[in-house]
Amino acid sequence: MPPEPASDDLDLDAIEELCAAATPGPWFVRNLDDDHAMNLVGVGTVQDSGRGERYPDFDHRDLIAATLVQHPRYVDCADERWDENAAFIAMAREAVPRLVAEVRRLRWLVEFGACHTAGTTGTEFVLPLDDEMLAYFREMTDVLVEHIGISRAEAVARINAAYGTRQWVALDLQLMGHELPEYWAYAVYYAPDSQHRLPIGDPTADADIDFSTHPVRPAPPKDSPFWTL
């Protein structure tokens, strides 16, 4: 089933602006006491000392927010989740910008036509692969690194851009195994020459190809999500 289109209600630019305008992180949960030695749970820019300092023995300028102020009783949520709420606020300062970046990356993949599991496969490749095909794709990567001399990061990015699409996933990837890894690997690096030829990894078939002058395809943009290493 194809993925649902991204909701227009999620304004990533606005979220990024809010993140950029807020006090820089990291933020930490603080467990303090007010002047009546009653609990004060807050979020601040300084790590908690573990001593539960009593007001005024802590600097109010270090505090960002409070989830419990018992005296006067200004802040005291009904469900008593003071600690959990403080932990959430502190976590969100760093997590939200990262989530925005991840949503942008996944949207880019969807717009490109990547498979719906892109970015969730747990490997360097954006398309889902069983163990056999994962080993085969890593052999393709080795070909690009060892035979052509590009970095492993670029090799993976090229393979992701070429084969990590819904069109390819719809095909039986096992059919790729009928060819040497070189056959597919060279196709993501080299473009056809003036005679519409591509190297295929067979020394006999490639004997009259001048690799030093053969056209090379451009690598995926460095800011694209295909660069997973």
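Data block above holds the structure.
Calculation rules
- Residues numbered from 1 in each chain as written.
- Predicted model: local features only at pLDDT ≥ 70, side-chain atom pairs only at ≥ 80, totals over all residues.
- Heavy atoms only, no water.
- Pairing = 2+ DSSP bridges.
- Helix = DSSP H or I, 4+ residues; strand = E, 2+ residues; numbered from the N terminus.
- Contact = heavy atoms within 4.5 Å.
- Expected span 1.5 Å × (residues − 1).
- Buried < 20%, exposed > 50% of the residue type's maximum accessible area, 1.4 Å probe, protein only.
- Phe/Tyr/Trp six-rings, centres within 6.5 Å; stacked < 30°, edge-to-face > 60°.
- Lys NZ or Arg CZ within 6 Å of the ring centre and 35° of its normal.
- Polar contact = N/O pair within 3.5 Å; in protein donor to acceptor, adjacent residues only side chain to side chain.

To continue, consider the sheet that holds strand E2 (residues 39-44). Strand order in the open sheet formed by 4 strands is E1-E2-E3-E4, with antiparallel pairing between adjacent strands. Two strands close off the open sheet at either side, each with one partner strand: strand E1 (28-33) and strand E4 (75-76). Of the strand pairs in this sheet, E1 and E2 are connected by 6 bridges, and their pairing is antiparallel. Bridge pairing in E2 places Asp33 opposite Asn39.

Before going further, it helps to spend a moment on the environment of Phe125. When you line up the elements, Phe125 lands in the loop between helix H2 (82-112) and helix H3 (131-148). Between the C-alpha atom of Phe125 and that of Ile159, which follows or precedes it by 34 residues, the distance is 7.9 Å. Leaving out residues up to four positions away in the same chain, Phe125 has contacts with Leu134, Phe137, Arg138, Thr141, Val156, Ile159 and Asn160.

Residues three or four positions apart in an α-helix share a direction because the helix packs 3.6 residues into each turn. The terminal C-alpha atoms of helix H4 (residues 152-163), which comprises 12 residues, lie 16 Å apart, in line with the 16 Å expected from a rise of 1.5 Å per residue. Of all 12 residues in H4, 10 are buried; the element is thus mostly enclosed. Within H4, the full set of buried residues consists of Ala153, Glu154, Ala155, Val156, Ala157, Arg158, Ile159, Asn160, Ala161 and Tyr163.

The next thing to look at is the packing of aromatic side chains. If you walk through the whole model with that rule in mind, you get 9 aromatic pairs. Here Tyr183 and Trp184 contribute two aromatic rings whose centre-to-centre distance is 5.0 Å and whose plane-to-plane angle is 80 degrees, an arrangement assigned as edge-to-face. Between the aromatic rings of Tyr189 and Tyr190, the centroid separation amounts to 4.9 Å while the plane-to-plane angle is 90 degrees, which identifies the pairing as edge-to-face. As far as the burial class goes, Tyr189 and Tyr190 line up, both buried. Here the basic side chain of Arg93 rests over the ring of Trp27, its NZ or CZ set 5.6 Å away from the ring centre. We note Lys222 situated over the ring of Trp227; from NZ or CZ to the ring centre the distance is 4.8 Å.

One can find His36 in the loop between E1 and E2. Placed 34 residues apart in sequence, His36 and Gln70 show a C-alpha to C-alpha distance of 9.0 Å. Contacts of His36, omitting those with residues within four sequence positions, involve Arg54 and His71. Looking at His36, its side chain comes within polar contact range of the side chain of Asp35, at 3.0 Å.

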